[in-house]
Amino acid sequence: MRNYLAAECYKVFHRKYFYLTLLAVLVLEGLLLGAYWLTLNWGNPTVDFAFAANTLGYMLAVGLYAPLLTVDMVFSEQYKNGTLKNEVAYGAPRVRIYLGKLAVSTLVSLLAAAVMVGFYMGGCWLLFPHNGGDAQAWALTGYLLAGALPLWLAGQGVVMVCYFLVRGTTVAAFVSVGILGLIPPVLQAFGLLVTPAFEMVRQFMPSVMLENLASAAAGFRWNYVGLCWAVGLAWLAGAVAVGLLAFRKKEIK
């Protein structure tokens with residue numbers, strides 16, 4: 001497994017895809033920081049470190065859908081190029097293939113998240129005044145990241161299973177978005193029209209839990225963070241189980 005992980009890491013970190021995507025996101029963050037800095041210099045007294053840092057809560061959904069890119073970086077059109085078939089033909093166990101690609105794509109996601117959060121928070125610290133709310137802002141950042149991480153891992157698992165089981169990365173991406181982003185409003189509609197049980201199920205969708213985490217952040221509900229970990233890991237485990245079982249039986253052409 002170690003050699004397989006090393007090979008996958010070498011492949012993904014020697015592609016421009018990862019670095020260009022990360023650069024694009026950092027540029028967007030820089031534009032947001034620049035916009036805040038301009039409003040500060042134009043006389044908006046509400047912009048300080050705490051104000052800019054607290055905006056992180058509105059960006060949590062980015063981490064849920066980021067696996068659409070990080071999984072694609074690792075999976076890299078393997079059905080289309082026939083490389084997945086070659087890996088199986090050369091004797092690599094399917095469990096190793098699946099778990100190896102999941103591990104590397106998760107590593108890529110975590111590294112990218114660390115860089116993006118570090119860049120944004122560092123920019124906030126350097127650019128904006130500190131008016132006494134710094135400790136609260138750092139605590140809120142830690143709270144949000146602690147609750148969001150397992151839900152991001154859930155998204156990673158869902159996207160990976162879609163890429164392995166659906167031929168064609170474009171279709172796999174649409175299926176992933178459908179599961180993560182479209183099912184919640186459908187459940188909400190069914191909850192209003194059919195039975196409240198659908199709304200109860202919706203509350204355990206990763207995207208909905210991210211929204212609830214951000215909206216309840218002022219109260220620092222650490223019990224909700226624990227629920228995020230339980231639900232996020234359950235989603236991840238379920239996705240991995242489905243992926244492994246289906247991939248073991250899947251005919252690769």
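Note: the structure precedes this text.
This is a predicted model, so every value here is computed, not measured.

(A) Expanded view of the pattern of salt bridges. Summed over all chains, the structure comprises 3 salt bridges. Notably, a salt bridge pairs E8 with K11, separated by 3.2 Å at the nearest N-O pair. Taken together, the residues E8 and K11, both in helix α1 (residues 2-13) and 3 residues apart, mark about one turn of the helix. Looking at E8, the relative accessible area reads 5%, which means it is buried. We classify K11 as partly exposed; its relative accessible area is 27%.

(B) Up close: the packing of helix α8 (residues 94-127) against helix α9 (residues 134-165). Where α8 contacts α9, the two axes come as close as 10 Å, and the packing angle between them is 155°. Our classification of the angle between α8 and α9 gives roughly antiparallel. Read as a crossing pair, α8 and α9 show a hand that is right-handed. For the pair formed by α8 and α9, the contact residues are I97, Y98, K101, L102, S105, T106, S109, L110, A113, V117, M121 and W125 on the first element and D134, W138, T141, L145, L149, W152, L153, Q156, G157, M160, V161 and F164 on the second. Looking at the contact of α8 with α9, its residues break down into 16 nonpolar, 6 polar and 2 charged.

(C) Structural context of the nonpolar core. Core analysis: the biggest nonpolar cluster contains 43 residues, and L84, F164, L213 and F247 have the highest contact counts within it. Elements with a minimum of two residues in this core: α4 (60-65), α5 (67-75), α8, α9, α10 (169-193), α12 (206-215) and α13 (222-249). Residues in contact with F247, not counting those within four places in the same chain, are Y79, L84, R94, I97, Y98, F164, L165 and I252. Core analysis: the next-biggest nonpolar cluster, separate from the first, contains 13 residues, A50, Y120, M121 and C124 among them.

(D) Representation of α1. With 12 residues, α1 should cover 16 Å at 1.5 Å per step; its first-to-last C-alpha distance of 16 Å lies within 8% of that length. When α1 is considered as a whole, its buried residues turn out to be Y4, E8, C9 and V12. One face of α1 carries all of its buried residues, which in axial projection span an arc of 130°. For α1, the exposed residues lying more than 90 degrees away from the buried face are R2, N3 and Y10. Of the surrounding secondary structure, the elements contacted by the buried residues of α1 are α2 (16-41), α5, α7 (83-89) and α8.

(E) Summary view of the side chain of T106. With respect to the secondary-structure elements, T106 resides in helix α8. If sequence neighbours within four positions are ignored, T106 has contacts with L153 and Q156.

(F) α2, seen in detail. Helix length check: α2, at 26 residues, gives a terminal C-alpha distance of 37 Å against a target of 38 Å (1.5 Å per residue), a fit within 8%. Residues of α2 that are buried make contact with α1, α3 (49-54), α5 and α8.

(G) Summary view of a nonpolar patch on the surface. A surface patch of nonpolar side chains, about 820 Å² in accessible area, is lined by W37, L38, W42, W125, L126, L127 and W138. Elements represented by at least two residues in the nonpolar patch include exactly α2 and α8. Examining the composition of the nonpolar patch, we find that 3 residues originate from one element, α8, more than from any other. On the accessibility criterion, W42 (69% relative accessible area) is exposed.

(H) Quick look at the packing of aromatic side chains. Evaluation of the coordinates by the stated rule reveals 15 aromatic pairs. Note on Y36 and F51: the rings are 5.5 Å apart at their centroids and 75° apart in plane angle, and the pair reads as edge-to-face. Of this pair, Y36 sits in helix α2 while F51 sits in helix α3, placing them 15 residues apart in sequence. Taking relative accessible area as the criterion, Y36 reaches 15% and is therefore assigned buried. Among the aromatic residues, ring-to-ring pairing joins F75, Y98, Y163, F164 and F247 into one connected group. Above the face of the F247 ring, R94 is positioned so that its terminal group lies 5.2 Å from the ring centre.

What counts and what doesn't
- Residues numbered from 1 in each chain as written.
- Predicted model: local features only at pLDDT ≥ 70, side-chain atom pairs only at ≥ 80, totals over all residues.
- Heavy atoms only, no water.
- Salt bridge = Lys/Arg side-chain N within 4 Å of Asp/Glu carboxyl O.
- Helix = DSSP H or I, 4+ residues; strand = E, 2+ residues; numbered from the N terminus.
- Buried < 20%, exposed > 50% of the residue type's maximum accessible area, 1.4 Å probe, protein only.
- Axes fitted to C-alpha atoms, helices over the stretch in contact; angles between N-to-C directions.
- Parallel < 35°, antiparallel > 145°, perpendicular 65-115°, else oblique.
- Left-handed = near helix turned anticlockwise from the far one by under 90°.
- Contact = heavy atoms within 4.5 Å.
- Nonpolar A, V, L, I, M, F, W, Y, C, P; charged D, E, K, R; others polar.
- Core = buried A, V, L, I, M, F, W, Y, C linked by side-chain atoms within 4.5 Å.
- Expected span 1.5 Å × (residues − 1).
- Arc of directions from axis to C-beta.
- Patch = residues over 30% accessible without salt bridge, like charges linked within 9 Å, V, L, I, M, F, W, Y side chains within 5 Å.
- Areas by Shrake-Rupley, 256 points an atom, 1.4 Å probe, with all protein chains shown as cover.
- Phe/Tyr/Trp six-rings, centres within 6.5 Å; stacked < 30°, edge-to-face > 60°.
- Lys NZ or Arg CZ within 6 Å of the ring centre and 35° of its normal.

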